[in-house]
Amino acid sequence: GFQSKEDFGCLLFIHKMLGSWMQSISTTLWGTERHDELPVGYYHPPSPGDVRSPCPGLNALANHGYLPRDGKGITQLQMISAVAKYFGVSRTLATTLTTNAFMKQPSIGYTWNLDSLVGHNTLEHDASMTRVDVYFGQDHTLNQALYQELIACSSDGISITLDEFAKFQSARQAHSKANNPDYKFGVNQKILASGEAALILAIFGDSDSVPLESVKTFFENEQFPAGWEPHGIVSAPQIGALATKIMSKWT
């Protein structure tokens with residue numbers, strides 16, 4: 001038995017230290033920090049059991065804690081508010097971007113999980129910049145080969161211009177049309193595709209181009225670029241005009 005209270009106290013201290021050390025090792029190896037211990041804004045990739053969508057923007061919001069980090073139980077109001085505040089877009093644009101996608105999916109007591117949005121032609125579509133067509137397999141996570149092609153479309157290695165986005169999207173459309181017998185790229189897909197490029201240009205760039213490092217961080221890590229903050233409020237008409245300009249350059 002214990003010889004004294006001091007012996008018991010010493011053993012208890014060692015037990016607590018070992019527990020803390022094992023938790024630290026677990027966090028380092030498996031990234032298992034408790035969600036409620038991470039400050040809002042702190043970036044952390046998904047932990048086991050977390051769910052994500054095909055959209056890197058929504059995933060980035062969850063990875064930073066602006067939406068529930070597990071990607072579950074999200075209300076439409078939460079989604080609209082987070083998109084507007086943290087991407088610096090108008091409430092009208094945020095509502096437009098989120099409502100159509102969410103209304104297509106079944107709710108869970110008026111809440112949604114991010115992986116509810118994995119359905120083909122909900123957010124993901126054929127000829128996506130960084131996701132393969134559903135005909136070829138798993139279509140809702142980053143495809144490294146396509147991602148590398150996107151990065152390579154930058155002619156100066158510093159930024160990606162509107163023209164370069166348009167050229168890359170044209171190439172993706174031509175490839176899908178030639179190789180995917182189920183290829184579908186109608187009005188809705190055109191709006192989604194052009195809008196995606198327009199949002200990246202307007203939110204992270206100056207509408208004419210976007211820093212390549214921001215594109216890398218956003219797509220590869222699903223993370224907000226370091227030091228980036230919204231500059232003004234991006235409006236729905238602004239995105240509509242940019243998207244129209246991008247579509248006009250498709251070949």
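Structure shown above.
A brief structural summary. For every chain, the first residue of the written sequence is number 1, and numbering continues from 1 along that sequence. Owing to the predicted nature of the model, reporting of local features is limited to residues with pLDDT of at least 70; listing and counting of side-chain atom pairs is limited to 80 or more, with chain, interface and lining totals taken over all residues. Working from all heavy atoms in the structure, the side-chain values ignore hydrogens and water.

### Some details on the packing of helix 2 (residues 56–63) against helix 3 (residues 76–87)
Next, step 1: Running from N to C, helix 2 and helix 3 point in directions that differ by 90 degrees, and their axes come no closer than 11 Å. Classed by the angle they form, the pair helix 2 and helix 3 counts as roughly perpendicular. Contacts between helix 2 and helix 3 pair Gly-57, Leu-58 and Leu-61 from the former with Met-79, Ala-82, Val-83, Tyr-86 and Phe-87 from the latter.
Next, step 2: Any residue that is not Ala, Val, Leu, Ile, Met, Phe, Trp, Tyr, Cys, Pro, Asp, Glu, Lys or Arg is counted as polar, Gly included; the first ten are nonpolar and the last four charged. When its residues are assigned to classes, the contact of helix 2 with helix 3 shows 7 nonpolar, 1 polar and no charged. Throughout, an axis means a line fitted to C-alpha atoms (over the contacting stretch in the case of helices), and angles, computed between N-to-C directions, take values from 0 to 180 degrees. Helix numbering and strand numbering both begin at the N terminus, where a helix is a DSSP run of H or I of at least 4 residues and a strand a DSSP run of E of at least 2. Relative orientations are named as follows: roughly parallel for angles under 35 degrees, roughly antiparallel for angles over 145 degrees, roughly perpendicular for angles from 65 to 115 degrees, and oblique for any other angle. The contact definition used throughout considers only heavy atoms, calling two residues in contact when any of these lie within 4.5 Å.

### Some remarks on the environment of Asp-50
Next, step 1: Within the secondary structure, Asp-50 sits in the loop between helix 1 (5–30) and helix 2.
Next, step 2: Overall, Asp-50 belongs to the buried group, its relative accessible area being 16%.
Next, step 3: Counting along the chain gives 18 residues from Asp-50 to Pro-68, while the straight-line C-alpha distance between them is 9.6 Å.
Next, step 4: Dropping the residues within four chain positions of it, Asp-50 is found in contact with His-35, Arg-69 and Asp-70. The classification of residues rests on relative accessible area computed with a 1.4 Å probe and restricted to protein chains. Under 20% of the type maximum is buried, over 50% is exposed, and intermediate values are partly exposed.

### Things to note about helix 3
Next, step 1: One less than the residue count of a helix, multiplied by 1.5 Å, gives the span that helix is expected to have. For helix 3, which comprises 12 residues, the first-to-last C-alpha distance of 16 Å matches the rise-based estimate of 16 Å (1.5 Å per residue) to within 8%.
Next, step 2: Every buried residue of helix 3 is listed here: Met-79, Ile-80, Ala-82, Val-83, Ala-84 and Phe-87.
Next, step 3: Phi turns positive one or two residues past the end of helix 3, at Gly-88, with a value near 70 degrees.

### Digging into unusual backbone geometry
Next, step 1: Its identity as a non-glycine residue notwithstanding, Ser-207 has a phi of 80 degrees, on the positive side.
Next, step 2: Positionally, Ser-207 belongs in the loop between helix 7 (187–204) and strand 2 (209–211).
Next, step 3: Judged by its relative accessible area of 15%, Ser-207 is buried.
Next, step 4: Unusually for a residue other than glycine, Glu-222 sits at a positive phi of about 50 degrees.
Next, step 5: For Glu-222, the location among the structural elements is in the loop between helix 8 (212–221) and helix 9 (236–248).
Next, step 6: Residue classification places Glu-222 among the buried residues on the basis of a relative accessible area of 12%.

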